Amino acid sequence: MIEIDDLTIRFGAGQRPVVRHVGLAVEKGAAFGLVGESGCGKSTVLRAVSGLNPHYEGTIRLNGEPLHRHRDRPFFRRVQMVFQDPYGSLHPRKTIRSQLKEPLRNQGLATGSVDVDALLRSVGLDPALSFRFPHQLSGGQRQRVAIARALVLNPEVLLLDEPTSALDVSVQAEILNLLDDLRKERGLTYLLVSHDLAVVSHMCDRVAIMEAGEIVEQVEIETLRKGAVEHPYSQRLLRASRMYGKGREALA
Ligand SMILES: Nc1ncnc2c1ncn2[C@@H]1O[C@H](COP(=O)(O)OP(=O)(O)OP(=O)(O)O)[C@@H](O)[C@H]1O
Ligand SMILES: [Mg+2]
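Residues numbered from 1 in each chain as written. Chains lettered and ligands numbered in written order. Predicted model: local features only at pLDDT ≥ 70, side-chain atom pairs only at ≥ 80, totals over all residues. Heavy atoms only, no water.

For R142, the position within the fold is in helix 6 (residues 139-151). A distance of 3.1 Å separates a polar atom in the side chain of R142 from the backbone oxygen of P134. (Helix = DSSP H or I, 4+ residues; strand = E, 2+ residues; numbered from the N terminus. Polar contact = N/O pair within 3.5 Å; in protein donor to acceptor, adjacent residues only side chain to side chain.)

What follows deals with the site of ligand 1. Near ligand 1 you find F11, V18, E37, S38, G39, C40, G41, K42, S43, T44 and E162, and these make up its full shell. Interatomic distance of 2.6 Å between a side-chain N/O atom of S38 and an oxygen atom of ligand 1. Here an oxygen atom of ligand 1 sits 2.8 Å away from a polar atom, N or O, in the side chain of S43. If ligand 1 stood free it would expose 640 Å²; the protein chains cover 54% of that surface. Partitioned by chemical class, the residues of the shell around ligand 1 number 3 nonpolar, 5 polar and 3 charged. (Near = heavy atom within 4 Å. Areas by Shrake-Rupley, 256 points an atom, 1.4 Å probe, with all protein chains shown as cover. Nonpolar A, V, L, I, M, F, W, Y, C, P; charged D, E, K, R; others polar.)

Looking now at a negative patch on the surface. Together, E3, D5, D6 and E27 make up a region of like negative charge exposed at the surface. Residue position: D5 is located in strand 1 (residues 2-9). Its relative accessible area of 41% is what places D5 among the partly exposed residues. (Patch = residues over 30% accessible without salt bridge, like charges linked within 9 Å, V, L, I, M, F, W, Y side chains within 5 Å. Salt bridge = Lys/Arg side-chain N within 4 Å of Asp/Glu carboxyl O. Lys, Arg positive; Asp, Glu negative; His and termini not counted. Charge placed at Lys NZ, Arg CZ, Asp CG, Glu CD. Buried < 20%, exposed > 50% of the residue type's maximum accessible area, 1.4 Å probe, protein only.)

Our next topic: unusual backbone geometry. Phi is positive for D6, which is not a glycine, with a value near 50 degrees. With respect to the helices and strands, D6 occurs in strand 1. For D6, a relative accessible area of 42% puts it in the partly exposed group. Despite not being glycine, N63 has its phi angle at roughly 50 degrees, a positive value. Tracing the backbone through its elements, the reader meets N63 in the loop between strand 4 (57-62) and strand 5 (65-66).

This part is about the sheet that holds strand 9 (residues 206-211). Taken together, 6 strands build an open sheet; the order of strands is 6-7-8-3-9-10 and the sheet is mixed. Looking at strand neighbours, the two that pair on one side only are strand 6 (79-82) and strand 10 (214-220), the edges of this open sheet. With direction set aside, neighbouring strand axes in the sheet form an average angle of 15 degrees. In the sheet, strand 3 (residues 31-35) pairs with strand 8 (residues 189-194) via 5 bridges, with the strands oriented parallel. The residue bridging F32 from the neighbouring strand is L191, located in strand 8. (Pairing = 2+ DSSP bridges. Axes fitted to C-alpha atoms, helices over the stretch in contact; angles between N-to-C directions.)

Moving on, we get to the packing of aromatic side chains. For the coordinates displayed, the defined rule picks out 1 aromatic pair. Ring centres of F75 and F76 lie 5.1 Å apart, and the angle between their planes is 85 degrees; this geometry places the pair in the edge-to-face category. Taking the relative accessible area as the measure of exposure, F75 reaches 4% and is therefore buried. According to the relative accessible area criterion, F76 is partly exposed, its value standing at 32%. The residue whose ring lies beneath R69 is Y56, and the NZ or CZ to ring-centre distance is 4.2 Å. (Phe/Tyr/Trp six-rings, centres within 6.5 Å; stacked < 30°, edge-to-face > 60°. Lys NZ or Arg CZ within 6 Å of the ring centre and 35° of its normal.)

What follows covers the nonpolar core. Grouped together as the largest cluster of nonpolar side chains are 47 residues, with contacts concentrated most on I147 and Y190. Residues contacting Y190, with those up to four places away along its chain left out, are V26, A30, A31, F32, L158, L160, L179, L182, R183 and M203. In this structure, L24, F32, Y56 and I60 belong to the second largest nonpolar core, which totals 30 residues. (Core = buried A, V, L, I, M, F, W, Y, C linked by side-chain atoms within 4.5 Å. Contact = heavy atoms within 4.5 Å.)

The subject of this paragraph is the sheet that holds strand 2 (residues 19-26). The strands making up a sheet associate through hydrogen bonds between their backbones, and the pairing can be parallel or antiparallel. The strand order 2-1-4-5 describes an open sheet built from 4 strands, whose pairing is antiparallel. Strands with a single pairing partner mark the edges of an open sheet, and in this sheet they are strand 2 and strand 5. Bridging between strand 1 and strand 4 involves 5 bridges; their strand directions are antiparallel. Looking at the pairing, T8 lines up with E57 of strand 4. Sitting on the sheet, helix 1 (residues 42-50) touches strand 1, strand 2 and strand 4, and the angle it makes with strand 1 is about 120 degrees.

Right, let's talk about the side chain of T189 for a bit. For T189, the position within the fold is in strand 8. Discounting chain neighbours no more than four positions away, the residues touching T189 are M1, V26, E27, K28, G29, A30, E156, V157 and L158.

So, about helix 4 (residues 96-106). Buried within helix 4 we find I96, Q99, L100, E102, P103 and L104. Each element contacted by the buried residues of helix 4 is listed here: helix 5 (116-122) and helix 6. Phi turns positive, to about 70 degrees, at G108, one or two residues after helix 4.

Next comes the structure, spelled out in structure tokens:
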């Protein structure tokens, strides 16, 4: 469904690239995780796929078709993005109902065709919330709205950038389960970026581990769960994540 080939991205001519020769392929209906520590280039990869940054070298294919640097409207019907901070991605002075119609407006489509109530129910929200503004919702509810908005156009692919890292741990699990259910119900394909190995091992079938702009290893999720990663950087990341996991358990 998504193929990235030899992706290199630099900010400014002559600068050292922050993403180097990245390649990965996501099967239709799969959830693929991209992990690595802060600043390694995960969001930069996702932004290139989403069309937010057209300045990249390499090829990105959707369903076998190479994408143009500047994405066209049909692309956004097929591919939608969910960000870490739903506060930042929702308009503060528009009601939820109005924002859920926005993707249709952007496509020049009639807004009457969206069943806002059904959409809200599908993400576990009470349709009565649709007349509220973003600040009148909890963080978890806001992220559910952002997910609902990404689904309005019935896309095939969701690009998820740290979709739960701004949330409290208990709410994180609820949102991850929701995303998991939606993928199965709708046959969606996910490319998920996270610094959290626990999130990726909950959600994904396959994972690429990135260090300083490069993918050092790609494994099936079972390999990660068994701790059988080979690259020294992957092993370090896994050890750090386990220590942090123990810390979290101790606090609970
Ligand atoms: N618009 C930009 N202009 C210049 N440098 C940028 C820009 N966006 C990102 N960078 C740099 O590119 C590198 C990778 O950033 P990126 O946001 O992709 O990291 P990340 O892996 O998503 O990190 P995090 O886990 O903290 O979100 C960083 O060094 C960052 O400072
Ligand atoms: Mg990021």
